[in-house]
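Summary of the model geometry
Take a look at the letters that make up each chain.
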Amino acid sequence: MSSASNVTSESPGTPTAVGQAVEPAAGASGSGPKPGRGSSDAGLRAQGVAPKRRVEVRGKVLTGACVAVVAALVVALIVMICGQGVQTFTKDGVPFSKFLFGTAWNPTRTDADGVPYVGALPMIAGSFSVTLLSCLFALPFALGSSIFVVEVAPRFGTRIFRPVTEVLVGIPSVVFGMIGLYVIVPLIRSIVGGTGYGIMSASIVLAVMILPTVTSLSIDAIASVPESYREGSLGLGCTRWQTIVHVVLPSALPGILTAIVLGMTRAFGEALAVQMVIGSGGASVMPTSLFKAATTLTSVITMNIGNQAQGTLYYDALWSLAMVLLVMSLLFILIVRLIGRKGSVKND
Amino acid sequence: MDEMDDNLTESAPAAGARATVTPAAGGAEVVARDVDLFYGDHQALFDVSLDMPANKVTALIGPSGCGKSTFLRCINRMNDRIAGCRHTGSITLDGQDVDTQIDEYLLRTRVGMVFQRPNPFPLSIFDNVAYGPRRHGKPSREALRQTVQRCLERVGLWDEVKDDLKKSGLGLSGGQQQRLCIARTLAVDPQVLLMDEPTSALDPISTSLVEDLMSDLASDHTVIVVTHNMQQATRVSDYTAFFYMGKLVETAPTTELFSRPKEKQTEDYLTGRFS
Ligand SMILES: Nc1ncnc2c1ncn2[C@@H]1O[C@H](COP(=O)(O)OP(=O)(O)OP(=O)(O)O)[C@@H](O)[C@H]1O
Ligand SMILES: [Mg+2]
């Protein structure tokens, strides 16, 4: 591969070298040489340069087309989701505030004013609770273990811990849901009573699910702190833990925050594993306890979208929920971007 | 881990007291005796014995890979971090063995180190200098301000940065960063300063500023500097030690070593017959 490309990349050098070598000789011989030189140059170009240019153009067109497809796809997705999502407000005439702040969800019924019950707040609250709680549970373990494997036992880290976490990252979420059903739900039931389903169970399952991702990204962040910072701190007589707390972690903070936000994005968008253990029913009310059945944006969509006819209010309202999900994940990505930019300014 | 925490609680108050209460006590004499050092099976130093007198600049010279950095890092026990690195013989600081008689962390407040590449922390200029004192005690805000000003003045950086103390240390030029790092080291009031090629990443003007600083610091510190630059050794140092292939070949007052080297290897090196 590389030797072949070397050969071709050398060919443009060769014709010009020949051309230059010919020129002084031609000048010395008198007046005739100009057409000769021109034709030989053109000939060489036809042989070597033109096919190259064609390859260049072809490559540009091909990769450019890919970019266009991806960009079109992204725009189309956003337009479609939002287009469907706003129908609740345009076609069905539900006030936006009733949707965003309403606390009752039962789109087949209407309230006294004739406005359907499409309050999304219970689901939004549910989604945020499981997301924040799961990050809260996962973060100490992710941070602690990444500090340990980078700063204390780097060999164990690269040989055993990293590969294991990478395997965990690849486990499908339905498996975590099953484990949650099998272990977490009965455990919660035996400790606090009730059914065992609820926000707490969902948060624990999600915490386990995002733990490998957050850990793996935190390890990257901590490992990328320059060794010279550590030496500087240790050289001043500071202990390893002082160095970690006062130099390593602050320097790795943008990376760690990115890890957290990516974990949140994953938790926020997860449907299957959550739905299996949160115990959500069709109707939805504001969550009042961590140990009672609740709903999230994703669980309501997955459970109901198959049962609703296109064009009904219920169907439109589900799209509106999807739109909220989309906006939230865009927001998360924006946050990651902002953190990344701030971090790079600080480290430069 | 437990051991470390113990060390932390033991050494911190002592170091804090030193750093904030006692004024500079002057340099300490560093003496190495019969040091053999191994990285695993690879021997990097052979029977090195060297006196580095208090309040003088000692330059370590020699071709690349001859063990200068390795020797320097023995003095503040930075080699302890490297798995498989061990040495025999002794290194003493005013008669105390650095490996057995002084706590590792206390040692590093007494023996400061300046690195080849300036390595300020990604903190403000003020916080960079205040870093050491803050870790070793709970200095009052006023004491801290005074320490920072004193150290920045000592390295000639105060006038350049006094209005920008809140700005990041990483925003300074290379030469300013290196002087900031020296100020940071001075803030814990060391007796000995180890400098590993401190000017090799700097431009000529910054280099001469740092060289002047070295001579000045030697009035109340023992300065030990590794350098590849012969002129620098003659300009700044009182004593020079020539290392070759892990052995200390020759040591003498700098003018003497450069004008009348006793060993053939030294002469060959100084005249550029190998590098
Ligand atoms: N961490 C390490 N592990 C193993 N061997 C090492 C290590 N550091 C240095 N060495 C070896 O020890 C010898 C001395 O290295 P050292 O860095 O002390 O040389 P130096 O004189 O400082 O060279 P330079 O002028 O290039 O900085 C070299 O042979 C080097 O390969
Ligand atoms: Mg070196």
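Residues numbered from 1 in each chain as written. Chains lettered and ligands numbered in written order. Predicted model: local features only at pLDDT ≥ 70, side-chain atom pairs only at ≥ 80, totals over all residues. Heavy atoms only, no water.

With respect to the overall build of chain B
Helix and strand counts for chain B come out as 11 helices and 10 strands. Relative to the compact-globule value of 19 Å for 275 residues, chain B shows a C-alpha radius of gyration of 19 Å, a close match. Expressed as a percentage of the 275 residues in chain B, the buried residues total 55%. Intrachain contacts of chain B at a sequence separation of at least 6 include 68% that bridge at least 24 residues. When the accessible surface of chain B is totalled, it reaches about 11900 Å², and 48% of it is carbon and sulfur. (Helix = DSSP H or I, 4+ residues; strand = E, 2+ residues; numbered from the N terminus. Rg over C-alpha atoms; globule rule 2.2 N^0.38 Å. Buried < 20%, exposed > 50% of the residue type's maximum accessible area, 1.4 Å probe, protein only. Contact = heavy atoms within 4.5 Å. Areas by Shrake-Rupley, 256 points an atom, 1.4 Å probe, with all protein chains shown as cover.)

Some points on the environment of V327 of chain A
Residue and element names in this part refer to chain A. Mapped onto the secondary structure, V327 falls in helix α14 (residues 313–346). The partly exposed category is assigned to V327, whose relative accessible area is 41%. Between the alpha carbons of V327 and T131 there is a distance of 16 Å; along the sequence they are 196 residues apart.

Examining the interface of chain B and chain A
Taken together, the 25 residues of chain B in the interface contact 24 residues of chain A. Here chain B and chain A share an interface that buries about 2200 Å² over both sides, 64% of which is from carbon and sulfur atoms. At the boundary of chain B with chain A, the tally comes to three salt bridges. For E231 of chain A, the salt bridge is made with R81 of chain B, and the minimal N-O distance between the two is 3.9 Å. Looking at the side of chain B that touches chain A, the elements that each hand over two or more residues are α1 (2–20), α3 (104–110), β6 (111–114), α4 (125–136) and α7 (174–186) of chain B. When its residues are assigned to classes, the side of chain B that touches chain A shows 14 nonpolar, five polar and six charged. (Buried area = accessible area lost by both parts, 1.4 Å probe. Salt bridge = Lys/Arg side-chain N within 4 Å of Asp/Glu carboxyl O. Nonpolar A, V, L, I, M, F, W, Y, C, P; charged D, E, K, R; others polar.)

Observations regarding a nonpolar patch on the surface
Residues and elements named next belong to chain A. Taken together, the side chains of V174, V175, M178, I179, Y182, V183 and L272 present a nonpolar region at the surface, about 640 Å² in accessible area. Counting residues per element, the nonpolar patch draws most heavily on helix α8 (residues 173–192), at six residues. Along the chain, M178 turns up in helix α8. (Patch = residues over 30% accessible without salt bridge, like charges linked within 9 Å, V, L, I, M, F, W, Y side chains within 5 Å.)

A word on the pattern of salt bridges
Residue and element names in this part refer to chain A. Scanning the model with the defined rule gives 24 salt bridges over all chains in all. With a shortest N-O distance of 3.1 Å, R230 and E227 are connected by a salt bridge. Here R230 pairs with E227, and both are found in helix α10 (residues 227–235), just three residues apart, close to one helical turn. The class for E227 is partly exposed, based on a relative accessible area of 40%.

Describing the packing of aromatic side chains
How two aromatic rings sit relative to each other is set out by the distance from centre to centre and by the angle between their planes. According to the stated counting rule, one finds 12 aromatic pairs over all chains in the structure shown. Ring geometry for F96 of chain A and F99 of chain A: centres 6.4 Å apart, planes at 35°, overall tilted. Taken together, the residues span about one helical turn, with F96 of chain A and F99 of chain A both in helix α5 (residues 96–101) at a distance of three residues. Ring pairing ties together the aromatic residues F89, F96 and F99 of chain A, which thus form one cluster. Positioned above the aromatic ring of F121 of chain B is the side chain of R184 of chain B, whose terminal nitrogen or guanidinium carbon lies 4.2 Å from the ring centre. Positioned above the aromatic ring of F46 of chain B, the side-chain terminus of K247 of chain B is 4.8 Å from the ring centre. (Phe/Tyr/Trp six-rings, centres within 6.5 Å; stacked < 30°, edge-to-face > 60°. Lys NZ or Arg CZ within 6 Å of the ring centre and 35° of its normal.)

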